[in-house]
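Here's the letter readout for the chains.
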Amino acid sequence: MKKYIYIIAAAVLAFFIGQSVYQQINKKSAKAARLECHKSSTVFEKVLNQNLLSRLQNDIKNGEIKVNINIEKAKYMKSKLFDFVDPKNVKAEFEKLAGQKTSADEPNSSVDILIYENDKNDPGKKTEKSKLYAGYLVFSFKVGNTLVYKLQIDFHDHQGKDISKVLECALKSVQTIKIINK
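All chains use their own residue numbering, which begins from 1 and follows the written sequence. In keeping with the model being predicted, local features are shown solely for residues with a pLDDT of at least 70 and side-chain atom pairs are shown and tallied solely at 80 or more, while totals for entire chains, interfaces and linings include all residues. For the side-chain quantities, the full set of heavy atoms in the structure was used; hydrogens and water were omitted.

A. Inspection of the overall build of the protein at higher detail. In this description a helix means any DSSP run of H or I spanning at least four residues, a strand means any run of E spanning at least two, and both kinds are numbered starting from the N terminus. Across its full length, the protein holds five helices and five strands. Working definition: with a 1.4 Å probe on protein chains only, accessible area under 20% of the residue-type maximum means buried, over 50% means exposed, and in between means partly exposed. Burial status across the protein gives 35% buried among its 182 residues. Residue pairs at least 24 apart in sequence account for 69% of intrachain contacts in the protein once pairs closer than 6 positions are excluded. Every accessible area reported is derived by Shrake-Rupley at a probe size of 1.4 Å, with residue values counting cover from the shown protein chains alone. Just so you have it, the protein exposes about 11,900 Å², and 53% of that area is on carbon and sulfur atoms. In this analysis, two residues are considered to be in contact whenever any of their non-hydrogen atoms come within 4.5 Å of each other.

The structure is reproduced here in structure tokens:
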């Protein structure tokens, strides 16, 4: 009789361990791979306000979006990226890709783009993998003052030559994210 109790206990334990391993393997992550351009870089995306997503997408489609650029240079190593990358040119390129229209009215939607230079000498970087990319762009899409969609995409060229592809990918990402009906 004890033999059967041990077998049942072992089976229950194996089930719970198996369930735990399965959940860890299939854990949902913010890391995205839903578009082809997501597969060549590390991409994180998150919808923060479902209710305003269609409004944001509509404003972008109509070229009604304000673009703000910020930069973060390397602090522990000599900054080199911004010898090659002009934030004004990045802003102009994004506006062109988005088909931004000029009007007397301030657009209701906006995107804050942070160009971050990967600081390979940062003591907080623990792995060699974290030192492989040249930097990343963080896109914070807003309607009014409400953050609707946030996206981060790595770039690899140390002169920022692949930033234009990142800008295109960001626009595709925000335009193709699906609205989930609750």
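B. Representation of the state of the cysteines within the structure. By convention in this document, the label disulfide applies to cysteine sulfur atom pairs within 2.5 Å. What the rule picks out here adds up to one disulfide. Through a disulfide, C37 is tied to C169; the S-S separation comes to 2.1 Å. Around the S-S axis, the bridge from C37 to C169 shows a dihedral of about 75 degrees and counts as right-handed. Taken together, the positions of C37 in the loop between α1 (2–25) and β1 (43–47) and C169 in helix α5 (residues 163–176) put the pair 132 residues apart, joining distant regions of the chain. Overall, C169 belongs to the buried group, its relative accessible area being 3%.

C. Structural context of the pairing of strand β3 (residues 109–117). Burial analysis of β3 places eight of its nine residues in the buried class, the great majority of the element. Judged from the eight bridges that link them, strand β2 (residues 65–72) and β3 form a sheet pairing that is parallel. Its bridge partner being in β3, I69 is matched across the sheet by I113. For two strands to count as paired, DSSP must find a minimum of two bridges between them.

D. Expanded view of helix α2 (residues 50–61). Helix span is expected to be 1.5 Å times the residue number reduced by one. A rise of 1.5 Å per residue sets the reference length of α2, with its 12 residues, at 16 Å; its end C-alpha atoms lie 17 Å apart and thus fit the reference within 8%. Residues of α2 that are buried make contact with β1, β2, β3, β4 (135–143), β5 (146–155) and α5. Any pair of N or O atoms that falls within 3.5 Å is considered a polar contact. Within protein, one atom must be able to donate a hydrogen and the other to accept it, and sequence-neighbouring residues count only if both atoms are side-chain atoms. Where α2 starts, the residue carrying a side-chain oxygen 3.0 Å from the main-chain nitrogen of N51 turns out to be N49. A positive backbone phi angle near 70 degrees is found at G63, which sits one or two residues after α2.

E. The packing of aromatic side chains, seen in detail. Stacked, edge-to-face and tilted are the three classes for Phe, Tyr and Trp ring pairs, Trp counted by its six-membered ring, which pair at centre distances within 6.5 Å; planes under 30 degrees apart are stacked, over 60 edge-to-face, the rest tilted. According to the stated counting rule, one finds five aromatic pairs in the structure shown. Measuring from centroid to centroid gives 6.1 Å for F94 and F139, while their planes differ by 35 degrees, and the two rings are tilted. Linking F94 in helix α4 (residues 87–97) with F139 in strand β4, this pair joins segments that are 45 residues apart in sequence. Neither residue differs from the other here; F94 and F139 are each classed as buried. Ring geometry for F141 and Y149: centres 5.9 Å apart, planes at 40 degrees, overall tilted. In terms of burial, F141 and Y149 fall into one category: buried.

F. Local environment of the packing of α4 against α5. Geometry is summarised by axes, namely lines fitted to C-alpha atoms with helices restricted to the contacting stretch, and by angles between N-to-C directions that run from 0 to 180 degrees. Between α4 and α5, whose axes approach to 10 Å, the crossing angle comes to 40 degrees. With respect to α5, the element α4 is oriented oblique. The two elements α4 and α5 meet at a crossing, and its hand is right-handed. Here V90, E93, F94 and L97 of α4 come into contact with α5, specifically with I163, S164, L167, E168 and L171. By the convention adopted, Pro, Cys, Tyr, Trp, Phe, Met, Ile, Leu, Val and Ala count as nonpolar, Lys, Arg, Asp and Glu as charged, and the other residues, Gly among them, as polar. In the contact of α4 with α5, the residues fall into six nonpolar, one polar and two charged. For classification, angles of less than 35 degrees are called roughly parallel, those exceeding 145 degrees roughly antiparallel, those between 65 and 115 degrees roughly perpendicular, and all remaining angles oblique. Should the near helix be turned anticlockwise from the far one by less than a right angle, the crossing is left-handed, and should it be turned clockwise, the crossing is right-handed.

G. Just the confidence of the model for the protein, in detail. Residue-level confidence of the predictor is what pLDDT reports, using numbers from 0 through 100. In the predicted model, the protein carries a mean pLDDT of 83, and the fraction of residues at 70 or more is 82%. For the protein, per-element mean pLDDT is lowest for α1, which scores 61, and highest for β4, which scores 95. For the stretch residues 22–29, pLDDT sits under 50, and the model shows zero contacts to residues farther than four places along the chain or on other chains.

H. Molecular detail of a nonpolar patch on the surface. Patch criteria: residues need more than 30% relative accessible area and no salt bridge. Like-charged residues are merged within 9 Å; nonpolar side chains of Val, Leu, Ile, Met, Phe, Trp and Tyr are merged within 5 Å. Any Lys or Arg side-chain nitrogen located within 4 Å of an Asp or Glu carboxyl oxygen qualifies as a salt bridge. On the surface, M1, Y4, I5 and I7 cluster together into a nonpolar patch covering about 510 Å² of accessible area. Structurally, the position occupied by Y4 is in helix α1. Since its relative accessible area comes to 54%, Y4 is described here as exposed.

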